[in-house]
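Chain residues, written in single-letter form:
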Amino acid sequence: MRSGTALALAAALCLARAAVGQEPAGEGESKPPEKDLGKYFADEGVLFAEEPIVVSAAKVEQKRKEAPSAVWVITSEEILRSAATSVPDLLRSVPGIEVFFTSVSDPNVGARGLNSLLSNGVLVLVDGRHVYLDNLGRVPWNALPMGLQDIDRIEVIRGPGSALFGANAFHAVINIFTKRPDKWTGTRIAAMGAEHDTATTDLLHAGRYGEIGYRLSLGWKTADHPGAFARQREDAVDAKRGNLLVEYYPAENTTLGLGLGTVRVDDEILSDGGPIFSHGSLPHIMLEFHHKRDDSEWHARAYWNALQDFEIESLNLPTSDLTIHNRYSSGDGEMQHTRRLGDRHRATAGFTYRVNDIDLQVLRKKLTHRIAGIFLQDEWKLAEPLTLTV
């Protein structure tokens, strides 16, 4: 008991001496520079950043917390900080999205546990233009028409979205938005290397002259053979792309846009029947009109996608190859109108029309497939924060 008391008194004396030894704060004492405090509060401000605006959930701009669907957003800052070399790599961080690679050249993306070889339940859009190949039932992940440097943000809807986006949106919708010349200008060059001798090179340049804005994007990606297929190629992926976007701004909140480009890709993928090698070109052209007022918004889009000089070659036959020649084109048109009816009511209506032309040369048969759709969405803000969406 005495020893414990003695230790306590000794500790108290030491603290008292330390306190006495300190000089009182005076005018000469150095203070933390204000810039350090500013940096501290700037870092703290990230926690209270403004809620991101999303479009994909209801096809209108709204705060993410008000969206009627679960939406995950990957920003351009997150992309730059990541070590990803492709969009499927980025999607690994999204809850509910499952990504697996059978090889360096064959990503498969699914949602909510629904994933498989040649996964076909996820709809992928680039600036509102679908890149899903209806004739093959898959997304050409190695032939997306943009690099990671081009992306402004990625919005992911985890769940079906066919009511708004039509066919193929069974498990999820991945909407990729690229940088627009009315919001970003400059030049960016990037080169990256990764495992399996993966190498990517990207050039992005955007500028604006008066009422005209433009963006030029070039890129090249290669990756070594995966080593697991029956016959190895020189490269598992060899993709070259070029895109040009020109926009005209005749008035405030009005945009007319013309986009065109192509991707040339050679890649290897794994199907249920074994490994296959494919190569071809994927050109596209898109016209777009957007006009926004205080109480209404019009959006119209027409585009053409194609798959040209496309060949699929089987790699699992020991003595001979099975080569399938295929041509595909798709013409799409869509229009949408949104109008506010008072402070608590917003209605959105639109229609879509698509024509798919498929030329199966191995069967000597041509197919034409037409898809039409209309949608109507009504939002009533009953009370904060409750909104009814029908």
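Structural data are supplied above this passage.
What you see is a predicted model; the values in this text were computed from it and never measured.

Caption draft 1: Just the overall build of the protein chain, in detail. Broken down by element type, the protein chain carries five helices and 21 strands. The buried share of the protein chain, reckoned over its 390 residues, is 42%. A fraction of 54% describes how many contacts in the protein chain between residues 6 or more apart in sequence connect residues 24 or more apart. Looking at the protein chain as shown, the accessible area adds up to about 21600 Å², and 57% of this sits on carbon and sulfur atoms.

Caption draft 2: Fine view of the side chain of Asn 305. Counting through the fold element by element, Asn 305 comes out in strand S17 (residues 296–314). Exposure remark for Asn 305: the relative accessible area of 8% places this residue in the buried category. Side chain to side chain, Asn 305 and Arg 129 meet in a polar contact 2.7 Å long. A polar atom in the side chain of Asn 305 sits 2.9 Å from the backbone oxygen of His 130. Setting aside anything within four residues of it in sequence, one finds Asn 305 in contact with Arg 129, His 130, Pro 283, His 284, Tyr 328, Ser 329 and Ser 330.

Caption draft 3: Representation of the pairing of strand S21 (residues 386–389) in the model. Across four bridges, the pairing between strand S20 (residues 365–383) and S21 is antiparallel. In the sheet register, Ala 383 faces S21, and the bridge partner there is Leu 386.

Caption draft 4: Region of the structure containing the sheet that holds strand S8 (residues 151–158). With respect to topology, five strands assemble into an open sheet ordered S3-S8-S9-S6-S7, the strand pairing being mixed. The strands lining the two open edges of the sheet, one partner per strand, are strand S3 (71–75) and strand S7 (129–130). Where strand S6 (residues 122–126) meets strand S9 (residues 172–178), five bridges bridge the pair, whose relative direction is parallel. Looking across to S9, one finds that Leu 123 is bridged to Val 173.

Caption draft 5: Looking closely at the packing of aromatic side chains. This structure, assessed with the given rule, holds one aromatic pair. Seen in terms of ring centroids, Tyr 209 and Tyr 214 are 6.1 Å apart; in terms of plane orientation they differ by 5 degrees. Their pairing is stacked. Looking at Arg 153, its charged tip hangs above the ring of Phe 177, at a distance of 4.0 Å from the centre. When the ring centre of Trp 184 is taken as origin, the NZ or CZ atom of Lys 179, which lies over that ring, is 6.0 Å away.

Caption draft 6: The environment of Ala 251, seen in detail. You can see Ala 251 is positioned in strand S13 (residues 237–251). Sequence separation between Ala 251 and Glu 211 is 40 residues; the distance between their C-alpha atoms is 8.6 Å.

Reading guide: rules and limits
- Residues numbered from 1 in each chain as written.
- Predicted model: local features only at pLDDT ≥ 70, side-chain atom pairs only at ≥ 80, totals over all residues.
- Heavy atoms only, no water.
- Helix = DSSP H or I, 4+ residues; strand = E, 2+ residues; numbered from the N terminus.
- Buried < 20%, exposed > 50% of the residue type's maximum accessible area, 1.4 Å probe, protein only.
- Contact = heavy atoms within 4.5 Å.
- Areas by Shrake-Rupley, 256 points an atom, 1.4 Å probe, with all protein chains shown as cover.
- Polar contact = N/O pair within 3.5 Å; in protein donor to acceptor, adjacent residues only side chain to side chain.
- Pairing = 2+ DSSP bridges.
- Phe/Tyr/Trp six-rings, centres within 6.5 Å; stacked < 30°, edge-to-face > 60°.
- Lys NZ or Arg CZ within 6 Å of the ring centre and 35° of its normal.

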